[in-house]
Amino acid sequence: MDLTQNTAESVEFMVEAIKDKLKVMNFGAIKSTHFDIEMYEELHDIYQMVMKKTNFSVREMEAIAEELGRLRNK
């Protein structure tokens, strides 16, 4: 997947990868269609950070969920 391209497919890939990596969280309500393509860079930054880490504290997971919530379409 070429994540340098700001596409709906890239957004979907990143959202699904984040959800898979953070399995302990309830991300069932988060879908790629909830994210505006204009927030691509911010979502990509979160994706990169999540993919680099192997473990997450509860606080880190809460912060990620909050940030994803902030990026969602209103």
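Quick notes on the rules
Residues numbered from 1 in each chain as written. Predicted model: local features only at pLDDT ≥ 70, side-chain atom pairs only at ≥ 80, totals over all residues. Heavy atoms only, no water. Helix = DSSP H or I, 4+ residues; strand = E, 2+ residues; numbered from the N terminus. Rg over C-alpha atoms; globule rule 2.2 N^0.38 Å. Buried < 20%, exposed > 50% of the residue type's maximum accessible area, 1.4 Å probe, protein only. Contact = heavy atoms within 4.5 Å. Expected span 1.5 Å × (residues − 1). Axes fitted to C-alpha atoms, helices over the stretch in contact; angles between N-to-C directions. Parallel < 35°, antiparallel > 145°, perpendicular 65-115°, else oblique. Left-handed = near helix turned anticlockwise from the far one by under 90°. Nonpolar A, V, L, I, M, F, W, Y, C, P; charged D, E, K, R; others polar.

### Some details on the overall build of the protein chain
- In terms of regular secondary structure, the protein chain is built from 3 helices and 0 strands.
- Moving toward the C terminus, one meets the helices and strands of the protein chain in the order α-α-α.
- Taken over C-alpha atoms, the radius of gyration comes to 11 Å for the protein chain, in line with the 11 Å a tight globule of 74 residues would show.
- The dimensions of the protein chain, computed from C-alpha atoms along their principal axes, are 30 × 25 × 20 Å.
- Taken over 74 residues, the protein chain has a buried fraction of 32%.
- In the protein chain, the proportion of contacts linking residues at least 24 apart, taken out of those at least 6 apart, comes to 71%.

### Details of helix α1 (residues 8–21)
- Under the 1.5 Å per step criterion, the end-to-end length of α1 is 20 Å for 14 residues, consistent within 8% with the ideal 20 Å.
- Here α1 has its buried residues at Ser10, Val11, Met14, Val15, Ala17, Ile18 and Lys19.

### Focus: the packing of helix α2 (residues 40–52) against helix α3 (residues 58–71)
- Contact geometry for α2 and α3: axes closest at 10 Å, N-to-C directions at 160°. Classified by the interaxial angle, the pair formed by α2 and α3 is roughly antiparallel. Both α2 and α3 take part in a crossing whose hand is left-handed. Seen from α2, the contacting residues are Glu42, Leu43, Ile46, Met49 and Val50; seen from α3, they are Ile64, Glu67, Leu68, Arg70 and Leu71.
- Among the residues forming the contact of α2 with α3, the class breakdown is 7 nonpolar, no polar and 3 charged.

The analysis is restricted to geometry; functional conclusions fall outside its scope.
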